[in-house]
Amino acid sequence: GISHVLTLVLEELSLLCKRDVNGVGMLYDLLRSRWLQALFKIYECLQHYLEERPVPVTPQACALTHEVAELLHEAPQSGEIKELRQLLRTPHFKAALLSAHDTVAQKDFEPVLPPLPDNIPENEEAMRIVCLVKNNQPLGATIKRHEITGDITVARVIHGGLADRSGLLYAGDKLVEVNGVPVEGLEPEQVINIL
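Residues numbered from 1 in each chain as written. Predicted model: local features only at pLDDT ≥ 70, side-chain atom pairs only at ≥ 80, totals over all residues. Heavy atoms only, no water.

Student: What's the story with the environment of T65 in this structure? I'm lost.
Tutor: Position of T65 relative to the elements: it lies in helix α4 (residues 61–74). Sequence-wise, T65 and L88 are 23 residues apart; in three dimensions their C-alpha atoms are separated by 7.0 Å. T65 has contacts with L88, F93 and L98, leaving out every residue within four places of it along the chain. A polar contact is formed between the side chain of T65 and the backbone oxygen of A61, at a distance of 2.7 Å. (Helix = DSSP H or I, 4+ residues; strand = E, 2+ residues; numbered from the N terminus. Contact = heavy atoms within 4.5 Å. Polar contact = N/O pair within 3.5 Å; in protein donor to acceptor, adjacent residues only side chain to side chain.)

The structure is reproduced here in structure tokens:
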């Protein structure tokens, strides 16, 4: 790998250092430095990880655990089997650990967006589907009813908030639907409750 190439370069530079070629000594010292050697080792480890990336044995660990629990129920009861059955039934194990495993194994990280309708007229305004995943933080945008059209629009995007950091919402954007619910005819307060 890259460490072998570096070793060859250092051998070549050591010969040039003995001949006192301009700048070779400095380059030789740089390439021998511990921090550069450490960076090369880290790089090689990352490359190895990318080539040998671990793959989950099954994307359905929750279902497999259910099958194991059923088999254990039919097996002769020993202390170890009772303990394993109890462990497999705990909510932290089932709901948190195995569910997280299956989500990662299935690469199911993003929400699924509904398909666009096929019958959109060609003269229709351009529309963006924006997907923002909120946790406990606020959206970081305010909404209002447009005075003339009555549409619900983004009034302001708060600097540093979720909407601002995503770069997907802008002041003046018209909201058509929120979480699958059409907002036409709703009051801004009702839309906020949907958000």
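Student: Looking at this structure, I do not really get the pattern of salt bridges. What am I missing?
Tutor: Opposite charge on two side chains allows them to pair when their charged atoms are near. Scanning the model with the defined rule gives 2 salt bridges in all. Across the pair R145 and E187 runs a salt bridge whose closest N-O atoms are separated by 3.5 Å. With a gap of 42 residues between them, R145 in strand β1 (residues 141–145) and E187 in the loop between β4 (181–182) and α8 (188–194) connect regions that are remote in the sequence. With a relative accessible area of 27%, R145 lands in the partly exposed category. (Salt bridge = Lys/Arg side-chain N within 4 Å of Asp/Glu carboxyl O. Buried < 20%, exposed > 50% of the residue type's maximum accessible area, 1.4 Å probe, protein only.)

Student: Can you walk me through the side chain of T153 in this structure?
Tutor: Here T153 is to be found in strand β2 (residues 152–157). In this structure, T153 is in contact with T142, I143, K144, H146, G172, D173, K174 and L175, ignoring residues within four places of it in sequence.

Student: Can you walk me through the nonpolar core in this structure?
Tutor: Nonpolar side chains in soluble globular proteins tend to end up buried together. In terms of nonpolar packing, the biggest core is built from 12 residues, these being L139, I143, I152, V154, L162, A163, L169, L175, V178, V183, L186 and V191. Counting only elements with at least two residues in this core, the list comes to β2 and α7 (162–166). Setting aside residues no more than four positions away along its own chain, L186 makes contact with R145, I152, V191 and I194. Counting 5 residues, the second largest nonpolar core, distinct from the first, contains L10, L31, L36 and F40. (Core = buried A, V, L, I, M, F, W, Y, C linked by side-chain atoms within 4.5 Å.)

Student: Got a minute to help me understand the packing of α4 against helix α5 (residues 79–89) in this structure?
Tutor: Here α4 crosses α5 at 150 degrees, and the two axes come no closer than 10 Å. Between α4 and α5, the angle is such that the two are roughly antiparallel. Read as a crossing pair, α4 and α5 show a hand that is left-handed. Listed contacts from α5 to T65, V68, A69, L72 and H73 of α4 are I81, L84, R85 and L88. When its residues are assigned to classes, the contact of α4 with α5 shows 6 nonpolar, 2 polar and 1 charged. (Axes fitted to C-alpha atoms, helices over the stretch in contact; angles between N-to-C directions. Parallel < 35°, antiparallel > 145°, perpendicular 65-115°, else oblique. Left-handed = near helix turned anticlockwise from the far one by under 90°. Nonpolar A, V, L, I, M, F, W, Y, C, P; charged D, E, K, R; others polar.)

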